[in-house]
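A closer look at the structure
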Amino acid sequence: MITAIAFDGDDTLWHNEPLFWASTQRFQELLAPYSDPAALAERLTATEIANLGLFGYGIKGFVLSMIETAIQVSGGQVPNGVIQEFLDRGKHMLAHPVHLLDGVAEAVAAVRARGVTVMLITKGDLFDQESKLARSGLAELFDVVEIVSEKDAGTYKRVLARQGIAPEQTVMVGNSVRSDVLPMLESGGWAVHLPYASTWVHEHADAPTGHARYRRIGGMAELAGVLDAIA
Ligand SMILES: [Mg+2]
């Protein structure tokens, strides 16, 4: 019996990665005098991942990583104007309108109608994620909102225990195999993978094809059928 359904936020309910792609592209253009585009993107990703333990996930850490990488690749010669543009882009990203993915509002409302506990479990900057949820227009559809710094099996167990919900009775819906699917299965729960157009390198992982509590859907419209089958 399923008593709770949890959703991831970024690239599951609303578009997120495209903002980072656009900023990475501008980063490559501005730093073209110092390095080629592929090497710049690779260097930026490596800096971001190296900084995760200190900055956590989110736009502010991304901006600091752009600045750090720019100073490195330019040998300290990057103009202040370029640094200023990175800061401006970060503010633009933080204030950007929230665009929902297709069928999201309907799917979350339909899940609510099942009478289960509806949760949002998302990772990143607290302030940014709260602001995005408010701008999404979905806030009142969730019974529980958890903004966490990392999504591992321990996180899911803790979050669900706080609500008095057993992982075995919970379905997590998300775009990341690494953050939404594998740790949820490890905690004993169910996981529905809804892949996004593209995944950040750090989130790559092999899908647990064949796992008894794993399902994969191609769009939010397919969620109701999968939940019926699980129930
Ligand atoms: Mg996500």
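Residues numbered from 1 in each chain as written. Predicted model: local features only at pLDDT ≥ 70, side-chain atom pairs only at ≥ 80, totals over all residues.

1. Side note on the domain arrangement of the chain
Domain annotation for the chain reports domain 1 (4-15 + 98-230) and domain 2 (17-95). A straight line from the C-alpha centre of domain 1 to that of domain 2 covers 28 Å. Each side of the interface is counted separately: domain 1 has 12 residues, and domain 2 has 10 residues. Split into classes, the residues belonging to the side of domain 1 that touches domain 2 amount to 3 nonpolar, 5 polar and 4 charged. (Domains from an automatic or database assignment. Contact = placed C-beta atoms within 7 Å. Nonpolar A, V, L, I, M, F, W, Y, C, P; charged D, E, K, R; others polar.)

2. So, the environment of Ala 70
Relative to the assigned elements, Ala 70 resides in helix α3 (residues 59-73). With 24 C-beta atoms packed within 10 Å, Ala 70 lands in the buried category. Spatially, the C-alpha atoms of Ala 70 and Gln 163 are 44 Å apart, while their sequence positions differ by 93 residues. If near-sequence neighbours (up to four positions away) are discounted, Ala 70 is found in contact with Leu 31, Val 78, Val 82 and Ile 83. (Helix = DSSP H or I, 4+ residues; strand = E, 2+ residues; numbered from the N terminus. Buried ≥ 20, exposed ≤ 12 C-beta atoms within 10 Å, placed from the backbone.)

3. Some thoughts on helix α7 (residues 153-162)
For α7, the set of buried residues is Tyr 156, Val 159 and Leu 160. Burial along α7 is one-sided: seen end-on, the buried residues are contained in an arc of 95°. Among the exposed residues of α7, those oriented more than 90 degrees off its buried face are Gly 154, Ala 161 and Arg 162. Buried-residue contacts for α7 involve β2 (117-123), β3 (144-148), β4 (170-174) and α8 (177-187). Positive backbone phi, approximately 70°, marks Gly 164, located one or two places after α7. (Arc of directions from axis to C-beta.)

4. Some thoughts on the sheet that holds strand β6 (residues 214-216)
A sheet is described by the order of its strands in space; here 6 strands give the open sequence β3-β2-β1-β4-β5-β6, paired in parallel fashion. Where the open sheet ends on each side, the last strands, each with one partner, are β3 and β6. With strand direction ignored, the average angle separating the axes of adjacent strands in the sheet is 20°. One ladder, built from 4 bridges, connects strand β1 (residues 4-7) with β2; its direction is parallel. In the strand pairing of β2, Ile 5 is matched with Val 118. (Pairing = 2+ DSSP bridges. Axes fitted to C-alpha atoms, helices over the stretch in contact; angles between N-to-C directions.)

5. Observations regarding helix α6 (residues 126-136)
Those residues of α6 lying buried are Gln 129, Lys 132, Leu 133 and Ser 136. Each buried residue of α6 sits inside an arc of 100° when the element is viewed along its axis, so together they form one side. When the buried face of α6 is taken as reference, the exposed residues oriented beyond 90 degrees from it are Phe 127 and Ala 134. Where α6 is buried, its residues meet β2 and β3.

6. Comments concerning the pairing of β2
With 7 of its 7 residues buried, β2 lies for the most part within the structure. Because side chains alternate across β2, one face comprises the buried residues Thr 117, Met 119, Ile 121 and Lys 123, and the other comprises Val 118, Leu 120 and Thr 122, equally buried. Judged from the 5 bridges that link them, β2 and β3 form a sheet pairing that is parallel. What sits directly across from Leu 120, in β3, is Val 145. Once the chain exits β2 it traverses α6 before rejoining the sheet at β3, and the crossover so formed is right-handed. (Right-handed = clockwise from strand over helix to strand, strands pointing away.)

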